[in-house]
Amino acid sequence: MKDIHEELEARRDVARLGGGQRRIDVQHSKGKLTARERVELLLDEGSFEEFDMFVTHRCTDFGMEKQKFPGDGVITGWGTINGRMVYVYSQDFTVFGGSLSETHAQKICKVMDMAMQNGAPVIGINDSGGARIQEGVASLAGYAEVFQRNIMASGVVPQISLIMGPCAGGAVYSPAMTDFIFMVKGSSYMFVTGPDVVKTVTNEVVTAEELGGSATHTKKSSVADGAFENDVVALAECRRLVDFLPLNNREKPPVRPFFDATDRSESSLDTLIPESANTAYDMKELIVKLADEGDFFEIQEEFAKNIITGFIRLEGQTVGVVGNQPMVLAGCLDIDSSRKAARFVRFCDAFEIPILTLVDVPGFLPGTSQEYGGVIKHGAKLLFAYGEATVPKVTVITRKAYGGAYDVMSSKHLRGDFNYAWPTAEIAVMGAKGATEIIHRGDLGDADKIAAHTADYEDRFANPFVAAERGFIDEVILPHSTRTRVSRAFASLRGKKQENPWKKHGNIPL
Amino acid sequence: MFKKILIANRGEIACRVIKSAQKMGIKTVAIYADADRNALHVKMADEAVHIGPSPANQSYIVIEKVMEAIRQTGAEAVHPGYGFLSENPKFAEALKAEGVVFIGPPVGAIEAMGDKITSKKLAMEANVTTVPGFMGLIEDADEAVKISNEVGYPVMIKASAGGGGKGMRVAWNDAEAREGFQSSKNEAANAFGDDRIFIEKFITQPRHIEIQVLADSFGNTIYLNERECSIQRRQQKVIEEAPSPFLTPETRKAMGEEAVALAKAVDYASAGTVEFIVDGDSNFFFLEMNTRLQVEHPVTELITGIDLVEQMIRVAAGEKLSIAQEDVGINGWSIESRLYAEDPYRNFLPSIGRLTRYRPPVEVATDTLAVRNDTGVYEGGEISMYYDPMIAKLCTWAPTRDAAIEAMRTALDGFELEGIGHNLPFLSAVMDHEKFTSGEMTTAFIEEEFPDGFQGVELPEAFLQRIAASVAAMHRVAEIRRTRVSGRMDNHERHVGRDWVVTLQGQRFEVRIDADRAGSTVRFDGGHALRVASDWTPGDQLATLDVDGSPLVLKVGKISGGFRIRARGADLKVHVRTPRQAELAQLMPEKLPPDTSRLLLCPMPGLIVKIDVAEGDEVQEGQALCTVEAMKMENILRAEKTAVVGKINAVAGDNLAVDDVIMEFE
């Protein structure tokens, strides 16, 4: 027995060293933590339970049979984040550059299967050179096995990808199908084809950072949902995000004790809307002042800034927030903002997270680039997402809600549960000037008459009452009471049950 | 007594006057321009009259508009506050013509003292000591240089109609005299519509000490001691106190008597201030007389117990002074800090915008401590580009100077102000500066002690430990709450540990926390411990703590993975980690901020008035590159080193935001 104990400890020691001390030192010298250190920081101290520590690859080509590392380049298992269970895998760059072999993939598949069966999120830490070339098609098969599980798990358990090193080629498609991707600034990149291939094929000269670094993916491509300064911060923020998410689609979102009164009045919100209708203000101020303790976890902060998405808590319970941002492009909807918000709304709906929508939208962005880019179908994504969502939906119109964009932004007509408006709300088919110029086309030559018509239109329609008279607005609320009103609305909706007709799945305009 | 008065001003001073009027049972009328539609003074007054567009020269200083508001409301008297029309004899005359009382001195006194050249002559006649200088008006830059040489450098170039630091420049050589003359002239023309300039000797090692006088219409004139206003930046007062730590009772009496003599010489009646410059040997020279209520009047009120606004109103209503010189004493010590919407990290450039958070410390008035905050803004209000960037005047009073300073430190730490750049950290830094605490400051204090501007504060280790212990205890509370989230695995909860590593300001403290119901004992690696008690809960942006028996107030914010803590002028990133987290965090590379040394960034939102260089020019250190106008002040941006101008991204007339790139260097 003693020998076995000794052998177990010896084998564990070997496995824990991954690709060896020299490679660990190299990893550290690049400012990166090792796969094991990352798991340690992600999970509650001492909570990690490892699977498949002694798994090795089965490849016998190219002398691979002589190079075996227990664990085969990925660490898998489960543990807790603030006492809640999550499954985790973490690729080990010190072993064959974290490359994915058949057995490496099998280890990932094992934790994903268990996560789905037991209803807990999967967090994947990616740091891999790509496929294990020596294994050929077996490696490709491994990827596809993972992909299939990403697809099956989508909407069943939250899936989070942390990109903490290279993630290239086919490997990118696993994170691409997860719910959230976070990167580390300066030490992670993602692309389908790398700079060398790009140069060969298109003659473009581009660095890995420019092609697929965190700035590219958070600002331009929107592939990533956020980027953090370093591994330590990224892992801490991932823990923070998990605190907002339900463990699976059968559970309600988490609730935690809160230190913020529901009836906290914010008198400063009464002056949030500027005197001039053309002056911008920061919708984030409203979000932060509504949220419990001012805590807001923003998703896709750097992309399509004309719409804001993220998580807050109200009375301790997670709420997804979508808000038009008047500071950017006047808060209008366009291709990017519609896509961004639609995906967020669908995530919330899939995981029973109530949605708060804050509306100040002058309409859709006009222009050939938008039309040629297919704003019709992209805009429809957001419309579709709101319309199919059955979670509690509360909407507050702070200022403009014009035209089709009014309909889209979680209007009453899309089964909004509570549709509130501030006294400054203007719910109309378009702004006064545009409307007047169409209705009174005959007077276009006469500036005075047009001005008078515009003033008339403003008096009649630039307010929340026309919509309120029809019941499209449930109530006009005072800005300072918004936190109280919205919190009570969600409290009243905790028992909400709404079902869409049975279908295999809808056909959202992708 | 009057039944209704109008306050021809805005902001904190309008609110201040309204308070005294209300106390006296007098109804108040406010006036407001467009930008002040929702201002505090409008809310506080019984009535409010709109008087025009936002720029002051189309509203607050248009005499006819104010007169119309008076007619409309039937106000019997007008308090002008400071600035605007307060020292405008035409306004006082216009009021007189319509039988409305001006709550201020007689027109003659305003006229006599309003012009710096005339006032100096009058002072000399009244045997008041004055500063050597050239009394005539100066025509052009060449003459300015000539006269400067005659008076001898350094010289002060001043707008005749100037005040509040506008239109004033100190020149140490011909080049500066030439430039200073031009910019003073321009500023004076813009600000006062009067571009007359004069030059006088600039006194070195000077202190700015002023005497508050109070006179009635029956020839009774008294002085209410002095205010020391030496902490100034570009001639703009920042911190004032009463009494002065410098004056002996004899000097005080001598200055007071000269001030009274001057007031009498012009038949002064109302509150007024005689400004002196005092050199290191206690020689004092008359500077000017301000024929109005001074911004910094509260410190005098706090040490004398006299309500100056009330006295002004009573004198204007024809009452006799009920206070005699021998009734005026000095009770304790008072300090005033002016909170400006100016970003100290960007060379005090003006900042405008919405006050997303504005929570001053609670006002108190006891036998051992007073905290007073004179303000004209509120949370959710706006600091507009049209007016003075002063947000509030925070005053403390205590029996001794040290206690008043300590009270100010705590009050500044507890002042919550977000949404705009402001000088709170700088004020805190001054409160901890040895030259200020010892009372050995001159008007050159800021220039000498902060020659490269304000870069923030490095806190001493003992204070860092107090913060570290506090934040560790707070972090533990926040972590324990996180473990109470729903959906936990039963019996496998996370246990929050006792050992933590706190990093801040490049320092690292290993601590162990033993918490009980009343607080936490935070033991440091070296063995000593601090006892921390607080009712702070996660999300509170202000933590009021008791650390080992003495109070500590911290502003608490979030940064990713840690806390942003502000106190005593320092702005710290604080991380509290488990020992293992801390060990791994040490492996993370230090990321340096992007290099902006080859760029000229726009330091404030403003208008490019002119660009002085062209692409390809070689510029020398100190050479003017361009002029940005913001808050009606022209700011010349200069080359920090010798360089060749590369691309220029802006042209005159462009409106730029903060950090927009104006030009690049090669």
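Counting starts from 1 at the beginning of each chain's written sequence and moves along it residue by residue. Each chain takes a letter, starting from A, and each ligand takes a number, starting from 1, following the order in which they are written. Only residues with pLDDT of at least 70 get local features here, since the model is predicted, and only at 80 or more are side-chain atom pairs given and counted; chain-wide, interface and lining totals rely on the full set of residues. Excluded from the side-chain calculations are hydrogens and water; all other atoms, namely the structure's heavy atoms, are used.

This next bit is on the overall build of chain A. Labels follow the DSSP assignment, with helices taken as runs of H or I lasting at least four residues and strands as runs of E lasting at least two, numbered in each case from the N terminus. Per the secondary structure count, chain A includes 19 helices and 17 strands. Along the first, second and third principal axes, the C-alpha atoms of chain A reach 95 × 55 × 45 Å. Out of the 510 residues belonging to chain A, those deemed buried represent 57%. When contacts within chain A are restricted to residue pairs at least 6 apart in sequence, long-range pairs at least 24 apart make up 73% of them. Computed with a 1.4 Å probe, the accessible areas rest on the Shrake-Rupley method; for each residue, only the protein chains presented here act as cover. Surface summary for chain A: the accessible area is close to 21,100 Å², and the carbon and sulfur share equals 56%. As used throughout, the charge tally considers Lys and Arg to be positive and Asp and Glu to be negative, leaving His and the chain termini uncounted. Each charge is placed at NZ for Lys, CZ for Arg, CG for Asp and CD for Glu. Seen as two clouds, the 56 positive and the 68 negative side-chain charges of chain A have centres 4 Å apart. Buried means the residue's accessible area, taken with a 1.4 Å probe over protein chains only, is under 20% of the maximum for its type, while exposed means over 50%, and partly exposed covers the values in between. Every residue pair with non-hydrogen atoms within 4.5 Å of one another is taken to be in contact.

The linkage connecting Y153(B) with the following residue, P154(B), adopts the cis geometry, with an omega of -5°. Looking at the secondary structure, you find P154(B) in the loop between α7 (141–151) and β7 (155–163). Residue P243(B) follows A242(B) across a cis peptide bond; omega there is -5°. Phi angles above zero are rare outside glycine, and F62(A) is one such case at about 55°. Looking at the secondary structure, you find F62(A) in the loop between β1 (49–51) and β2 (74–81). F62(A) sits in the exposed class, given a relative accessible area of 67%. Of note, Q235(B) is a non-glycine position whose phi angle comes to about 65°, a positive value. Among the structural elements, Q235(B) can be located in the loop between β11 (221–233) and β12 (236–242).

Right, let's talk about helix α12 (residues 335–350) of chain A for a bit. Turn by turn, an α-helix covers 3.6 residues, leaving residues three or four places apart pointing in a common direction. How far a helix is expected to stretch is found by multiplying one less than its residue total by 1.5 Å. Between its first and last C-alpha, α12(A) extends 22 Å over 16 residues, near the 22 Å set by a 1.5 Å rise per residue. Of the positions making up α12(A), those classed as buried are I335(A), S337(A), S338(A), K340(A), A341(A), A342(A), F344(A), V345(A), F347(A), C348(A) and D349(A).

Now for the state of the cysteines. When two cysteine sulfur atoms are found within 2.5 Å, that pair is recorded as a disulfide. A full pass over the atoms with the stated rule returns zero disulfides over all chains. There is no disulfide at C348(A), and the cysteine sulfur nearest it, in C238(A), is 17 Å away. Residue class for C348(A) comes out buried when judged on its relative accessible area of 0%. With no disulfide of its own, C626(B) lies closest to C602(B) among cysteine sulfurs, the gap being 7.5 Å.

The pairing test for Phe, Tyr and Trp rings, Trp by its six-membered ring, is centres within 6.5 Å, and the orientation test on the planes gives stacked under 30 degrees, edge-to-face over 60, and tilted for anything in between. Throughout the structure, instances matching the rule amount to 29 aromatic pairs over all chains. Both rings, one in F509(B) and one in F524(B), keep their centres 5.7 Å apart while their planes meet at 90°; by these two values the pair is edge-to-face. Here F524(B) lies in strand β27 (residues 519–524) and F509(B) lies in strand β26 (residues 507–516), a separation of 15 residues in the sequence. Overall, the relative accessible area of 5% leaves F509(B) in the buried class. In this structure F524(B) comes out as buried when scored by relative accessible area, which is 5%. Each residue in the set F180(A), F182(A), F228(A), F244(A), F297(A), F311(A), F344(A), F347(A) and F351(A) is aromatic and connected to the rest through ring pairs, giving one cluster. Lysine NZ or arginine CZ positioned within 6 Å of the ring centre and within 35 degrees of the ring normal marks a charge as sitting over the ring. If you follow K32(A) out to its NZ or CZ, it ends over the ring of F93(A), 4.6 Å from the centre. The ring centre of F461(A) lies 5.1 Å from the NZ or CZ of R460(A), which sits over that ring.

Counting residues at the interface gives 43 residues for chain A, matched by 37 residues for chain B. The quantity reported as buried area is the accessible area (1.4 Å probe) lost by two parts once they are put together, taken as the sum for both. Carbon and sulfur atoms supply 54% of the area buried between chain A and chain B, which totals about 3,400 Å² over both sides. Definition used for salt bridges: Asp or Glu carboxyl oxygen within 4 Å of a side-chain nitrogen of Lys or Arg. Counting every contact that joins chain A to chain B gives five salt bridges. In this structure, R580(B) engages E40(A) in a salt bridge whose closest nitrogen and oxygen atoms are separated by 2.5 Å. Pairing of N or O atoms within 3.5 Å defines a polar contact, subject to two protein rules: one partner must be a possible hydrogen donor and the other a possible acceptor, and residues neighboring in sequence count only if both atoms are side-chain atoms. Put simply, chain A and chain B have 16 residue pairs in polar contact (both at pLDDT 80 or more) between them. The set of elements that each furnish at least two residues to the side of chain A that touches chain B consists of α3 (35–42), β2, β3 (84–91), α10 (231–242) and α11 (283–290) of chain A. Sorting elements by how many residues they give to the side of chain A that touches chain B places α10(A) first, with six residues. Here the residues of the side of chain A that touches chain B are counted per class, giving 14 nonpolar, nine polar and 20 charged. As a working rule, the residues Ala, Val, Leu, Ile, Met, Phe, Trp, Tyr, Cys and Pro are called nonpolar, Asp, Glu, Lys and Arg charged, and the rest polar, with Gly in that last group.

Further remarks concern the domain arrangement of chain A. Residues and elements named next belong to chain A. Throughout, the edges of the domains are those of an automatic or database domain assignment. Domain boundaries in chain A define domain 1 (2–242), domain 2 (267–425 + 463–492) and domain 3 (431–462). Relative to domain 2, the C-alpha centre of domain 1 lies at a distance of 36 Å. Counting residues at the interface gives 18 residues for domain 1 and 14 residues for domain 2. Note on domain 1 versus domain 2: buried area summed over both sides is about 1,400 Å², and carbon and sulfur give 58% of it. Summed over the shared surface of domain 1 and domain 2, the number is one salt bridge. Note that R240 is salt-bridged to D295, the shortest N-O span being 2.9 Å.

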